[in-house]
Amino acid sequence: MDEWVEVQGKTVDLAVDVAMTELGVTDRADIEVEVVQEPQAGGFLGRGRQEAIVRVTKAPRKRRRRRGRGRNQDDRSDDNRRKNQNEKSPKPKQGKGQGKNRQAAGGDRDRNSGGNGASRDRNEKRQEPKVSKSDSERSADDRPEQAPIEEQAEVAKEFISGLLEAFGLEGKVETRIDEDVMYIDVSGTQTEALIGPKGSVMQSVLELTRTVVQRRTYGAPRMRIDIGGYVERRREALRIYASKLAAQVIEDKGEIMLEPMNAADRKVLHDAVAEIDDVRTYSEGEDPRRAVVIAYSGPRDEEE
Amino acid sequence: MSQGEIVDKVVTYVVSEIVDDKDAVEVNVVQDGDDAVVAEVRAAKSDMGRVIGKRGRVARAIRNVASAAGDEEGVAVDVDFLD
């Protein structure tokens, strides 16, 4: 599954952040980052300043264990402390750079090694991460282990069922897990109310569900939601729209910026356009005004 | 059924699910002219950060869902998060 986006930003970190939103990934361990262009400070008055461009690819996620859900900074200092403690012991260390994740089982570690600060501690990473959760003196502020995804799906299902009830709507909530992604499907004729213009309410429902899952189970997997078959209908409409615009862009050898869209819609556009030759996409602006740009990438005439 | 009842239910439900201290959650839906209500949300200080979320993401989602609830009963909804 090669899902990727190219994103521009003031710094590599900022660009990566945006790209993650775009990909619907909340965890740096789930991505690989390739810096296409390093940011340049530029000279006087910022002349010649260059923004960072990164290509961020979704890394396939293996069954992982994670404990934390705090921000990177916290965990990084935690890592540092741990590192110092471990200095003298031969105990294998977990690399940092993965931000909040530490794996108990080895495996896809290297593939997941993108993300911030990944360049540090390369050698450390090579070591077999044999540390199990019961191992090593865990400090008092250690957070509980993330619950298994099946349990998280239950929490999500319960939350949305309760939401339907609060709305006074009849509907059915089903969850399905595929390759560590949780799919939530809400059906029932009345559930249209939870879709909203361009699926905006639906995305908010997902955001809230993610928050609740995170709260209850100390972590959240990648999650997708569909209500009343909306996603497929919207995707088809966007695909048609994208191919029309792409044809226009190719004819003009120019670029078109679309109206602002949520991350899910932008993703559909990126994917749809990726299948068309001579055009590429990127996103510009900050949410909620972030918009996809379709740009010509084919051959140019000689005189240009 | 009084206007804003669904809004009240939905906002109360969502906020309660997010916080640690459910008992401290208080939602007051007040009329704000014709066909408009304001949902005033109070929660424990320690929970407010969660309710707002990073860069206001959770707050935005709550507003969105509250508006959808308002649509069900024909009222425009504003959500105020109060300390």
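Here the structure is a predicted model, which is why all the values come from computation and not from measurement.

Draft legend 1. Seen up close, the overall build of chain A. A tally of regular secondary structure across chain A gives seven helices and nine strands. Burial analysis of chain A (304 residues in total) assigns 46% to the buried set. Excluding contacts between residues fewer than 6 apart, the proportion of contacts in chain A whose partners are at least 24 apart in sequence is 64%. Accessible surface computed for chain A: about 15300 Å², of which carbon and sulfur atoms make up 47%.

Draft legend 2. The arrangement of the nonpolar core in detail. A:Phe167, A:Ile184, A:Leu208, B:Val10, B:Val14 and B:Ile62 are the most contacted members of the largest nonpolar core, which totals 58 residues. Top contributing element to this core by residue count: helix H4 (residues 149–167) of chain A, with nine residues. Leaving out residues up to four positions away in the same chain, A:Leu208 has contacts with A:Phe159, B:Val14, B:Ile18, B:Val58, B:Ala61, B:Ile62 and B:Val65. Residues A:Leu245, A:Leu258, A:Val273 and A:Val279 belong to the second largest nonpolar core, which totals 15 residues.

Draft legend 3. Spotlight on the pairing of strand S2 (residues 36–42) of chain B. Residues and elements named next belong to chain B. With five of seven residues buried, S2 lies mostly within the body of the structure. With six bridges connecting them, strand S1 (residues 26–31) and S2 associate as antiparallel partners. When the sheet's bridge partners are listed, valine 30 is paired in S2 with valine 38. Where S1 hands over to S2, the hairpin turn is made up of four residues, of which glycine 33 adopts a positive phi near 80 degrees. Here S2 runs beside strand S3 (residues 76–82); their pairing, made up of seven bridges, is parallel. Each bridged residue has a counterpart across the sheet, and for valine 41 the counterpart in S3 is phenylalanine 81.

Draft legend 4. Spotlight on the interface of chain A and chain B. With 23 residues of chain A at the contact, the number on the chain B side is 23 residues. The largest per-residue losses of area from chain A upon contact with chain B belong to A:Phe167, A:Leu208 and A:Arg215, which jointly make up 30% of the total buried on that side. Connecting chain A to chain B are three salt bridges. A salt bridge links B:Glu17 to A:Arg216, with the shortest nitrogen-to-oxygen separation between them at 3.0 Å. On the surface where chain A and chain B come into contact, there are six residue pairs in polar contact (both at pLDDT 80 or more). Of all the elements in the fold, those that place two or more residues in the side of chain A that touches chain B are helix H1 (12–23), H4 and helix H5 (200–217) of chain A.

Draft legend 5. Geometry of the sheet that holds strand S5 (residues 181–187) of chain A. Residues and elements named next belong to chain A. Ordered in space as S4-S5-S6, the three strands form an open sheet in which the pairing is mixed. Lying at the two open borders of the sheet, with one neighbouring strand each, are strand S4 (172–178) and strand S6 (222–227). For this sheet, the mean angle separating the axes of adjacent strands, direction not counted, is 20 degrees. Across seven bridges, the pairing between S4 and S5 is antiparallel.

Draft legend 6. Just the environment of A:Leu23, in detail. Relative to the assigned elements, A:Leu23 resides in helix H1. Distance from A:Leu23 to A:Val56, taken between C-alpha atoms, is 8.6 Å for residues 33 residues apart in sequence.

Draft legend 7. Spotlight on H4(A). In a regular helix each residue adds 1.5 Å, so 19 residues correspond to 27 Å; H4(A) covers 27 Å between its end C-alpha atoms and thus fits that length. For H4(A), every residue scored as buried is listed here: A:Ile149, A:Gln152, A:Ala153, A:Val155, A:Ala156, A:Phe159, A:Ile160, A:Gly162, A:Leu163, A:Leu164, A:Ala166 and A:Phe167. Those residues of H4(A) that are buried are in contact with S4, S5, H5 and S6 of chain A together with helix H1 (5–18) and helix H3 (57–72) of chain B. Of the residues one or two after H4(A), A:Gly168 is the one with positive phi, at around 75 degrees.

Draft legend 8. Structural view of the packing of aromatic side chains. Within this structure, the stated rule accounts for one aromatic pair over all chains. Taking 5.5 Å as the distance between ring centres and 15 degrees as the angle between the ring planes, the aromatic pair formed by A:Phe159 and B:Tyr13 counts as stacked. Of this pair, A:Phe159 sits in helix H4 while B:Tyr13 sits in helix H1, on two different chains. When the ring centre of A:Tyr183 is taken as origin, the NZ or CZ atom of A:Arg176, which lies over that ring, is 4.4 Å away.

Draft legend 9. Structural view of the side chain of A:Thr57. Residues and elements named next belong to chain A. Following the sequence through the fold, threonine 57 ends up in strand S3 (residues 52–58). Owing to a relative accessible area of 16%, threonine 57 belongs among the buried residues under this scheme. Those residues in contact with threonine 57 that lie beyond four places of it in its chain are Glu3, Trp4, Asp30, Ile31 and Glu32.

Draft legend 10. Structural context of the confidence of the model for chain B. All names here are of chain B. On average, residues of chain B score 94 in pLDDT, and 99% of them are at 70 or above. H1 holds the highest mean pLDDT among the elements of chain B, 97, whereas helix H2 (residues 45–52) holds the lowest, 94. Predicted complex metrics record ipTM = 0.96 and pTM = 0.58.

What counts as what
Residues numbered from 1 in each chain as written. Chains lettered and ligands numbered in written order. Predicted model: local features only at pLDDT ≥ 70, side-chain atom pairs only at ≥ 80, totals over all residues. Heavy atoms only, no water. Helix = DSSP H or I, 4+ residues; strand = E, 2+ residues; numbered from the N terminus. Buried < 20%, exposed > 50% of the residue type's maximum accessible area, 1.4 Å probe, protein only. Contact = heavy atoms within 4.5 Å. Areas by Shrake-Rupley, 256 points an atom, 1.4 Å probe, with all protein chains shown as cover. Core = buried A, V, L, I, M, F, W, Y, C linked by side-chain atoms within 4.5 Å. Pairing = 2+ DSSP bridges. Buried area = accessible area lost by both parts, 1.4 Å probe. Salt bridge = Lys/Arg side-chain N within 4 Å of Asp/Glu carboxyl O. Polar contact = N/O pair within 3.5 Å; in protein donor to acceptor, adjacent residues only side chain to side chain. Axes fitted to C-alpha atoms, helices over the stretch in contact; angles between N-to-C directions. Expected span 1.5 Å × (residues − 1). Phe/Tyr/Trp six-rings, centres within 6.5 Å; stacked < 30°, edge-to-face > 60°. Lys NZ or Arg CZ within 6 Å of the ring centre and 35° of its normal. pLDDT = per-residue confidence, 0-100.

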